[in-house]
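Each chain is listed here by its residues.
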Amino acid sequence: MTTRTVTPRALAIEGGTPTRTAPWPTYDKGDRLLGEAEEAAAVRVIRSRRLFRYDTRPHAETEVGQFEERFRGFCGSAAALAVSSGTTALALSLMAAGIGPGSRVACPVFTFAATPSAILLAGAEPVLVPVDEDLHIDLDALGRTVRHVDAVMVVHMRGAAEDMDAIVALADQAGVPVFEDAVPAMGVRLRGRHLGTFGLAGAFSTQSDKSINTGEGGIVVSDDLGLVARATVLSGAYEGRVRRHFATADLDDLALPLYSFRMDELRGALAAAQLDSLPLRLARLASNYARVSGELSGIDGIRVRRPIEGAILGDALLLVVESGTAADAEWFARALRAEGIDARAFGDPTDRNVRAFWNWRFLDKATDGPNGPLDSSVRHVARTVDIPLSASMDDQDCADLTSAVRLVAHHLPSARSLS
């Protein structure tokens, strides 16, 4: 009996038929999981004619106040403050802790540009720390850096947990506080504990591609009530309004500036409504991620980024082109897009991707050139392909993704030989 060899079909970028033609389900094409509960919440606020969080109602009766209390309970934190964005949540955390002008804050090079921007917004200086081959902060490098900074800002980038026990231990030895940029990781737990609750304060986002979608928005959590009280004043709780949050707050609110980073009632209502469906969103993300990452294991030439103890949100699939270059990853992403799968290569020189730290021209030294301490991080980031996932993905979407990645990976050696 003879065995037939099945030749994989041609790639779409080479004239073949694309794997799919339907739009890839991402937030910018509409959040399919928004529904009647969110509509009812929005209509309730509009009919109330009360869009500002500070009016004649007690704090506990406002939409934002109710969201804060519920989210505080969700995370198991002592206090929560809802604000205008994840970036402002990060900045307020630093400001409220006294991290400002003259301070230096360590953060990983693999993050969204909002992380160093928030540090700058607080008046501090970002100190970039290298990452390892799985894009987690390099613990050895952090150990050398932490003695020369005033704070550490950890980032659970693309929903993947950092090793918080190890990071907190390093920071404790140096006597500096840890802040968590959990903006992209709402709902993820590490060793049974919510990300965002390991450090002095944690920040989350409710921007459109996050676990909760209010278009824009953010929230700070902390067990330090004094920090949250100061952040509340800084966010815009003027003329004694901080005492609606903390009745016994002994705080001179006129001694702090007001930055108007408040969350409004409409977004507070939308956020609270989605807390009810958050477990479903998280479960769907986890299920989709487990399926596609499992089906893509063991493919020659690529591997899925390895999360720490499996603690990952699942809203992004990062594929590492092994022994690859930025050009290999750029080709891989381009081939996937032709197959109908949204994908970006972090190192694509034609893409103004602000997750690639060498594009941060607002910093004096975003990268230090060949053979410098960040050079290995450039290679690690540049050979990575980023594929957005969503809670609304169905079985066909998952099947299309795994089929397209397998096809492109099969053709990768040929593409390399021609380059």
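Below you will find a few notes about this structure. (Residues numbered from 1 in each chain as written. Predicted model: local features only at pLDDT ≥ 70, side-chain atom pairs only at ≥ 80, totals over all residues. Heavy atoms only, no water.)

1. With respect to the overall build of the chain
In terms of helices and strands, the chain carries twelve helices and 13 strands. In terms of overall dimensions, the chain is globule-like: its C-alpha atoms have a radius of gyration of 23 Å, near the 22 Å expected for 419 residues. Summarising its shape, the C-alpha atoms of the chain cover approximately 85 × 50 × 35 Å along the three principal directions. The 419 residues of the chain split such that 57% are buried. The contacts in the chain between residues at least 6 apart in sequence include a share of 69% that link residues at least 24 apart. About 17900 Å² of surface is accessible on the chain, with carbon and sulfur atoms providing 51% of the total. (Helix = DSSP H or I, 4+ residues; strand = E, 2+ residues; numbered from the N terminus. Rg over C-alpha atoms; globule rule 2.2 N^0.38 Å. Buried < 20%, exposed > 50% of the residue type's maximum accessible area, 1.4 Å probe, protein only. Contact = heavy atoms within 4.5 Å. Areas by Shrake-Rupley, 256 points an atom, 1.4 Å probe, with all protein chains shown as cover.)

2. Some points on the environment of A338
Within the fold, A338 resides in helix α10 (residues 326-338). Each C-alpha atom of the pair A338 and G15 lies 9.8 Å from the other, and the pair is 323 residues apart in sequence. In this view, A338 contacts A12, I13 and P18; residues no more than four positions away in its chain are not counted.

3. Section: the nonpolar core
In this structure, L94, V105, F110 and M153 are the most contacted members of the largest nonpolar core, which totals 50 residues. Of all elements in the fold, only β1 (79-83), α3 (86-96), β2 (104-108), α4 (114-121), β4 (151-155), β8 (201-205) and α7 (225-235) reach the threshold of two or more residues within this core. Tallying contributions element by element places α3 first for this core, with seven residues. Setting aside chain neighbours within four positions, we find M153 in contact with L90, L94, V105, A106, C107, P108, T115, I119, F179 and D181. Judged by nonpolar contacts, the second largest core, of 45 residues, contains A82, V149, A311 and A391. (Core = buried A, V, L, I, M, F, W, Y, C linked by side-chain atoms within 4.5 Å.)

4. Re the pairing of strand β5 (residues 178-181)
Here β5 shows a buried face lined by V178 and E180 and a second buried face lined by F179 and D181. Regarding the hand of the β-α-β motif, the stretch spanning β4, helix α6 (residues 164-174) and β5 is right-handed. In terms of strand pairing, β5 meets β8 through three bridges, oriented parallel. Bridging from a neighbouring strand, F179 pairs with A201 of β8. (Right-handed = clockwise from strand over helix to strand, strands pointing away. Pairing = 2+ DSSP bridges.)

5. Here's the deal with the packing of helix α1 (residues 36-48) against helix α9 (residues 265-295)
Here α1 crosses α9 at 155°, and the two axes come no closer than 9 Å. In terms of orientation, α1 and α9 fall into the roughly antiparallel class. Viewed along their axes, α1 and α9 form a crossing whose handedness is right-handed. Facing α1, whose interface residues are A37, E38, A41, A42, R44 and V45, α9 presents E265, L266, A269, L270, A273, Q274 and S277. (Axes fitted to C-alpha atoms, helices over the stretch in contact; angles between N-to-C directions. Parallel < 35°, antiparallel > 145°, perpendicular 65-115°, else oblique. Left-handed = near helix turned anticlockwise from the far one by under 90°.)

6. Regarding the sheet that holds strand β12 (residues 344-345)
Taken together, four strands build an open sheet; the order of strands is β10-β11-β13-β12 and the sheet is antiparallel. The open sheet is flanked by β10 (302-304) and β12, the only strands paired with a single partner. Packed onto the sheet, α9 meets β10 and β11 (316-321) and runs at close to 20° relative to β11. Of the strands in this sheet, β10, β11, β12 and β13 (384-388) are in contact with α10, which crosses β13 at around 25°.

7. Observations regarding the side chain of T232
Note on placement: T232 falls in helix α7. Owing to a relative accessible area of 0%, T232 belongs among the buried residues under this scheme. In this structure, T232 is in contact with Y54, L81, A237, V242, H245 and F246, ignoring residues within four places of it in sequence.

8. With respect to the sheet that holds β8
Read across the open sheet, the seven strands follow the order β1-β9-β8-β5-β4-β2-β3; overall the sheet is mixed. With one partner strand each, in any of the chains shown, β1 and β3 (125-129) form the two edges of the open sheet. Taking the axes of each pair of neighbouring strands and ignoring which way they run, one obtains an average angle of 20° across the sheet. Where β1 lies against strand β9 (residues 218-222), five bridges are found, and the strand directions are antiparallel. Its bridge partner being in β9, A82 is matched across the sheet by I219. Most of the contacts of helix α2 (residues 63-75) go to β1, to which it runs at about 130°, and overall it touches β1, β8 and β9.

All we've got here are geometric facts, nothing functional implied.
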